[in-house]
Amino acid sequence: MRLIAALIGLALLTAATVFAGTTKTYQVTGPVLEVKDDMIVVQKGKEKWEIARDKDTKVTGGLQVGSKVTVTYTMKAATIDAKAAAKAGKKK
């Protein structure tokens, strides 16, 4: 009985770890306005989306200006500058 409970607990812990470690992905689809080695600009409605890319970015098909693309990306912090919270004002 203890073995079954331990196995169930281990399975739940493993499942929680797998789901907690996933990063949300996003997509933008539209025509390519500009392509460089380190970025791509995609038109989405009236907005221009500039998305960074590197040597690990997987590209399938012919990537060129005018092509319609779907870019899948994640948000990743480059730097974080934390400051102390403001102190609450004194009540009169």
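Per chain, residue numbering runs from 1 following the sequence as it is written. Only residues with pLDDT of 70 or above have their local features reported here, since the model is predicted, and side-chain atom pairs are shown and tallied only from 80 upward, although totals for entire chains, interfaces and linings are computed over all residues. Excluding hydrogens and water, the side-chain values take into account all heavy atoms of the structure.

Engineer: Would you mind showing me how to read the overall build of the protein here?
Structural biologist: Within the protein, the regular secondary structure consists of one helix and four strands. Summary of the burial criterion: residues with accessible area below 20% of their type's maximum are buried, those above 50% are exposed, and those between are partly exposed, where the area comes from a 1.4 Å probe applied to protein chains only. Counting all 92 residues of the protein, 15% fall into the buried class. Note on contacts: a residue pair qualifies if any of its non-hydrogen atoms lie within 4.5 Å across the two residues. A separation threshold of at least 6 residues defines the contact pool for the protein, and within that pool the share at least 24 residues apart is 49%. Of the roughly 8,500 Å² of accessible surface on the protein, 58% is carried by carbon and sulfur atoms. Each helix corresponds to a stretch of at least 4 residues labelled H or I by DSSP, and each strand to a stretch of at least 2 residues labelled E; elements are numbered beginning at the N terminus. In short, Shrake-Rupley with a 1.4 Å probe defines the accessible areas, and a residue's cover is counted only from the protein chains shown.

Engineer: Before we go on, may I ask you to explain the pairing of strand β3 (residues 47-52) in this structure?
Structural biologist: On any regular strand, side chains alternate: one points to one face of the sheet, the next to the other face. Here the rule is simple: two strands pair whenever DSSP picks up at least two bridges between them. Sheet topology places strand β2 (residues 39-44) next to β3; six bridges connect them, and they run antiparallel. Directly across from Val42, in β3, lies its bridge partner Trp49. Hairpin geometry of β2 and β3 is characterised by an intervening segment of two residues between the two adjacent antiparallel strands and by a positive phi of about 65° at Gly45.

Engineer: Quick question: what am I supposed to make of the packing of aromatic side chains here?
Structural biologist: Each aromatic ring pair is described using two quantities: the centre-to-centre distance and the angle formed by the ring planes. Aromatic pairing here means that ring centres of Phe, Tyr or Trp (its six-membered ring) are within 6.5 Å. Orientation follows from the plane angle: under 30 degrees is stacked, over 60 is edge-to-face, and everything else is tilted. Enumeration over the complete set of coordinates arrives at two aromatic pairs. Centroid distance Trp49 to Tyr73: 6.3 Å. Interplanar angle 55°. Geometry classified as tilted. Placement of the pair is Trp49 in strand β3 and Tyr73 in strand β4 (residues 68-74), with a sequence separation of 24 residues. Residue Trp49 is classed as partly exposed on the basis of its relative accessible area, which comes to 25%. These aromatic residues form a ring-pair network of at least three members: Tyr26, Trp49 and Tyr73.

Engineer: Help me understand the side chain of Ser67 in this model?
Structural biologist: Considering the arrangement of structural elements, one finds Ser67 in the loop between β3 and β4. Among the residues examined, Ser67 registers a relative accessible area of 15% and is labelled buried. Contacts described as polar in this section are N or O atom pairs within 3.5 Å, which, within protein, must combine one atom able to donate a hydrogen with one able to accept it, while residues neighboring in sequence count only if both atoms come from side chains. Among the polar contacts made by the side chain of Ser67, one reaches the main-chain carbonyl oxygen of Gly62 at a distance of 3.3 Å. Setting aside residues no more than four positions away along its own chain, Ser67 makes contact with Gly30, Pro31, Val32 and Gly62.

Engineer: For this particular structure, what's the right way to read the side chain of Arg53?
Structural biologist: Among the structural elements, Arg53 can be located in the loop between β3 and β4. No salt bridge is formed by the buried Arg53. Its closest oppositely charged neighbour is Asp37, at 4.9 Å. In this structure the side chain of Arg53 is engaged in a polar contact, spanning 2.9 Å, whose partner is the backbone oxygen of Lys36. Here the positive residues are Lys and Arg and the negative ones are Asp and Glu; neither His nor the chain ends is included. Any carboxyl oxygen of Asp or Glu within 4 Å of a side-chain nitrogen of Lys or Arg constitutes a salt bridge here.

Engineer: Just to check I follow, could you spell out the nonpolar core for this structure?
Structural biologist: Where a protein is soluble and globular, its nonpolar side chains tend to be buried together. Residues grouped as a nonpolar core are buried Ala, Val, Leu, Ile, Met, Phe, Trp, Tyr and Cys residues, joined through side-chain atoms within 4.5 Å. Grouped together as the largest cluster of nonpolar side chains are eight residues: Val28, Val32, Ile40, Val42, Ile51, Val69, Val71 and Tyr73. Breaking this core down by element, the ones donating at least two residues are β1 (25-36), β2 and β4.

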